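Summary of the model geometry
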Amino acid sequence: MARRTKEQSAQTRARLIDAARGEFERRGYANTTLEQIARAAGMTRGALYFHFPDKAALFRAMRDQVELPLIDRIGPELLVASDGDPLVAIERFLLAVTATIDACQTTRRTFEILSFGCEYVDALAPELELQRRRLAELRDQLRDAYLRAQAQGRLRADVDPALAALETVVFVTGLVRVWLLDRARSLIDGDPAPLVRAHVASRRRLASVP
């Protein structure tokens, strides 16, 4: 019985998150009420409050539902592998980010809400610091990968690993944002992979000609 109750609670929580995603997508975070979310989920506000104390908690649950699995599936080990070509690892990491967002409609919709559907003020203000910390962690992982590429003689001599890492953070965050915005596929033509490969290739030392 306890297991069944736990499963039912998880299903109810998932329904509320899905309903919140739909309402945030349709109305924006600021214009969505808990009453609207509860109604979309076919529940009462009391049932909603049993699982989430406020709208910000629902927002964070929606974010974590896709963001944490995204990190787990891609895996930071792509950037910290000790063998092989670090630049290939960076390219695979960036391609995995875009491929995962492209393959999962729920992930894509959520990232669109995070990018365009809310203002990070009041209860959502702490989200900005969280995003900054995660970008700083990614920058540091990329810097280490570029340092390994430099040690292996694969990085162009004029490329600074720390600056290259920050540039790649700016590149991938900007790429995802433009890619999500470009629904008509008039800018990126639906496939960001050539941009990713060009970005990484621009850092690689050219093979010397005998």
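Notes on the structure follow. (Residues numbered from 1 in each chain as written. Predicted model: local features only at pLDDT ≥ 70, side-chain atom pairs only at ≥ 80, totals over all residues. Heavy atoms only, no water.)

Turning our eyes to something else, we now look at the pattern of salt bridges. Inspection of the entire model under this criterion finds 18 salt bridges. In this structure, R143 and D144 form a salt bridge, with 3.4 Å as the shortest nitrogen-oxygen distance. By relative accessible area, R143 is classed as partly exposed at 31%. Each of R139, D140, R143 and D144 takes part in one network of salt bridges that share partners. (Salt bridge = Lys/Arg side-chain N within 4 Å of Asp/Glu carboxyl O. Buried < 20%, exposed > 50% of the residue type's maximum accessible area, 1.4 Å probe, protein only.)

One finds L87, I90, L94, I101, L142, Y146 and V172 to be the most contacted residues of the largest nonpolar core, which totals 29 residues. Breaking this core down by element, the ones donating at least two residues are helix 6 (86-103), helix 8 (125-151), helix 9 (161-181) and helix 10 (193-201). Ranked by residue count, the leading element in this core is helix 9, at 9 residues. (Core = buried A, V, L, I, M, F, W, Y, C linked by side-chain atoms within 4.5 Å. Helix = DSSP H or I, 4+ residues; strand = E, 2+ residues; numbered from the N terminus.)

What follows concerns helix 8. A rise of 1.5 Å per residue sets the reference length of helix 8, with its 27 residues, at 39 Å; its end C-alpha atoms lie 40 Å apart and thus fit the reference within 8%. Taken together, the buried positions of helix 8 are E127, L130, A136, L138, L142, A145, Y146 and A149. Just past helix 8, the residue G153 takes up positive phi, approximately 75 degrees. (Expected span 1.5 Å × (residues − 1).)

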